[in-house]
Amino acid sequence: MTGALKPYYEIKYYDGAARIARVYTHSGIIETPYLFPVVDPTRQAVSLPILRELGYNALITNAYLYYRRTRGQGGPIHEYLGWNGPIMTDSGGYQVLIYGDVDVDNKTIVEFEKKIGVDIGVILDVPTGSHMSRAEASHALEETFRRAVEALPLIMDSDALWVLPVQGAPYKDLVIQASIRARRYPYHIYALGSPTVLLEQYRYAEILEIVILARLFLHPGKPLHVFGVGHPMIIPFLVAAGADFFDSASYILYARDNRYIIEGGTKRLDELDYFPCSCPVCSRYTPRELMSMPQPERTRLLALHNLYMLAKEIRLVKQAIRENRLYELLEERSRAHPSLYEAFIVLRKYMDQLSKYSPRTKPRGHAVMLYGYESIDNPYVKAFREALGLMTYKCDILLPAYKKPYQEQYFYKIYRMMYDNICFYNPYLGVFPAELDSTFPVFQHEAPIYIDDLMLEKMIEEIMKYHNIVIVLDSWGIKIVNILLKKIVQGEIEINRYHRIEIMEF
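Residues numbered from 1 in each chain as written. Predicted model: local features only at pLDDT ≥ 70, side-chain atom pairs only at ≥ 80, totals over all residues. Heavy atoms only, no water.

I would appreciate a short explanation of the overall build of the protein chain in the present structure.
Along the backbone of the protein chain there are 21 helices and 20 strands. Seen along its three principal axes, the alpha-carbon backbone of the protein chain occupies a region of about 90 × 55 × 40 Å. The 506 residues of the protein chain split such that 56% are buried. Put simply, of all contacts in the protein chain between residues at least 6 apart along the chain, 71% involve residues at least 24 apart. Surface exposure of the protein chain reaches about 22,100 Å², of which carbon and sulfur atoms provide 53%. Distance from the positive charge centre (57 side chains) to the negative charge centre (59 side chains) of the protein chain: 2 Å. (Helix = DSSP H or I, 4+ residues; strand = E, 2+ residues; numbered from the N terminus. Buried < 20%, exposed > 50% of the residue type's maximum accessible area, 1.4 Å probe, protein only. Contact = heavy atoms within 4.5 Å. Areas by Shrake-Rupley, 256 points an atom, 1.4 Å probe, with all protein chains shown as cover. Lys, Arg positive; Asp, Glu negative; His and termini not counted. Charge placed at Lys NZ, Arg CZ, Asp CG, Glu CD.)

Here it is, written out as structure tokens:
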């Protein structure tokens with residue numbers, strides 16, 4: 001591949017496994033994360049100039065359908081669509097998923113994609129979908145790799161970027177196997193397919209784990225596309241898992257069904273009294289006014305809103321990555337729907353692996369937002385705790401860290417005259433030397449006054465490793481005393497003659 005000899009993927013910023021990157025095509029640059037709107041030129045409710053105005057500079061269309069409509073004689077795809085930006089084409093894999101087969105072979109469609117001048121092409125894969133048995137999924141995986149090998153001689157002289165679909169879902173072991181094998185092939189982009197059914201059923205935890213496993217075993221220096229994802233709910237989580245590209249026709253399919261995208265799901269138009277959005281459509285019309293419109297115009301306007309929401313979500317995620325706040329965004333979004341909370345639990349399970357690319361400190365110095373027990377897995381909190389584990393320091397007395405700056409707390413000023421080596425304890429940050437008081441994230445974090453019992457129990461286990469402890473009866477000090485006494489009575493914690501616990505009134 002001529003494209004394989006040139007740099008085509010440039011990562012600019014990391015936040016865990018999420019990244020903002022540039023993908024270079026012969027028709028322009030695509031900045032990831034990016035969602036390709038699916039375009040059907042024969043039924044396109046939203047014009048392509050409007051797509052560009054909304055911030056979409058690349059699109060995806062179906063090479064197989066174009067092949068059938070032109071009987072294989074189609075001309076340059078950019079001229080046909082009237083679009084001078086990057087164009088990705090699906091090869092007909094979606095039709096294989098829906099109908100079981102198509103009336104064209106892999107070689108023919110790959111040659112056709114080359115002929116029409118696509119920027120990003122996909123081989124004709126065999127998607128596993130969500131209903132195949134394990135044996136059927138394994139066969140689809142093998143056939144996809146056979147076609148990947150078959151296509152290589154055809155695309156070696158192409159200046160397009162070529163996509164290798166990674167099949168096997170929903171079987172995790174098959175996804176891992178396919179991801180390991182995919183690293184051997186000189187394709188530019190990986191694509192995971194196709195989670196459409198899982199998405200429709202809100203099985204976000206399953207989708208997320210499949211994407212995470214694929215990303216962990218695929219080449220880290222190549223983009224990952226997740227086919228058929230078109231809802232703001234799951235996009236931030238998939239980006240955090242290492243996905244770069246998405247595509248969907250959801251914006252128009254929902255619109256045809258009178259469904260209105262919101263951050264936490266979709267609403268039927270007739271359920272709404274007010275629009276919770278300030279996009280040009282929602283600022284101009286009421287739900288009742290849209291319902292009274294002729295169906296084609298209503299569909300067009302709903303599609304515009306849905307596209308606006310998708311573009312807004314992508315920009316929000318990018319800004320979170322740029323500020324290294326993506327984990328915090330996920331904590332917030334995980335409360336929007338129970339299925340998202342389940343996905344967040346899955347993400348936390350893999351945070352150690354996904355966070356290996358994160359900077360150890362925030363480049364812009366933004367404070368870390370801590371909300372509750374899940375915040376202990378924030379990559380910056382974990383990095384701080386891991387760094388503490390590598391440090392050697394003495395601790396003559398342990399004081400609570402409840403109000404920044406901790407060295408300005410009145411009881412610190414008392415004890416510093418009696419002890420040389422003072423440490424603080426904090427439910428989120430653990431035990432750390434007082435000298436780190438002004439460092440990140442000790443000083444640059446915000447946390448609620450209320451601390452739940454589970455966090456305090458974990459902290460008690462940690463501080464009882466020390467012998468000289470001060471407990472101040474503040475908002476969480478009282479709870480610490482109660483939990484500590486309960487654990488002592490129940491025999492879960494043993495106080496020995498070396499322990500010295502002082503209780504000070506706030």
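Picking up after the structure, the text goes on.
Looking at this structure, I do not really get the packing of helix H15 (residues 326-333) against helix H16 (residues 338-349). What am I missing?
For the pair H15 and H16, the least separation of the axes is 9 Å and the interaxial angle reads 145°. Within the contact between the two elements, H15 uses Tyr327, Leu330, Glu331 and Arg333 and H16 uses Leu340, Phe344, Leu347 and Arg348. Tallied by class, residues from the contact of H15 with H16 come to five nonpolar, no polar and three charged. (Axes fitted to C-alpha atoms, helices over the stretch in contact; angles between N-to-C directions. Nonpolar A, V, L, I, M, F, W, Y, C, P; charged D, E, K, R; others polar.)

Please explain unusual backbone geometry as it appears in this structure.
Across the chain, the bulk of peptide bonds are trans and the bulk of non-glycine residues have phi less than zero. Going from lysine 404 to proline 405, the amide bond is cis rather than trans, its omega being -15°. You can see proline 405 is positioned in the loop between strand E15 (397-400) and helix H19 (410-415). Note the cis peptide between phenylalanine 440 and proline 441, where omega equals 0°. For arginine 71, which is not a glycine, the phi torsion comes out positive at approximately 55°.

Explanation requested: the pattern of salt bridges in the structure shown.
Pairing is possible between side chains of opposite charge, provided their charged atoms come close. Taken as a whole and judged by the stated rule, the model has 32 salt bridges. With a shortest N-O distance of 3.1 Å, aspartate 453 and lysine 479 are connected by a salt bridge. With a gap of 26 residues between them, aspartate 453 in helix H20 (residues 453-463) and lysine 479 in helix H21 (residues 477-489) connect regions that are remote in the sequence. If you follow the salt bridges from partner to partner, you end up with Glu143, Arg146, Arg147 and Glu150 in one network. (Salt bridge = Lys/Arg side-chain N within 4 Å of Asp/Glu carboxyl O.)

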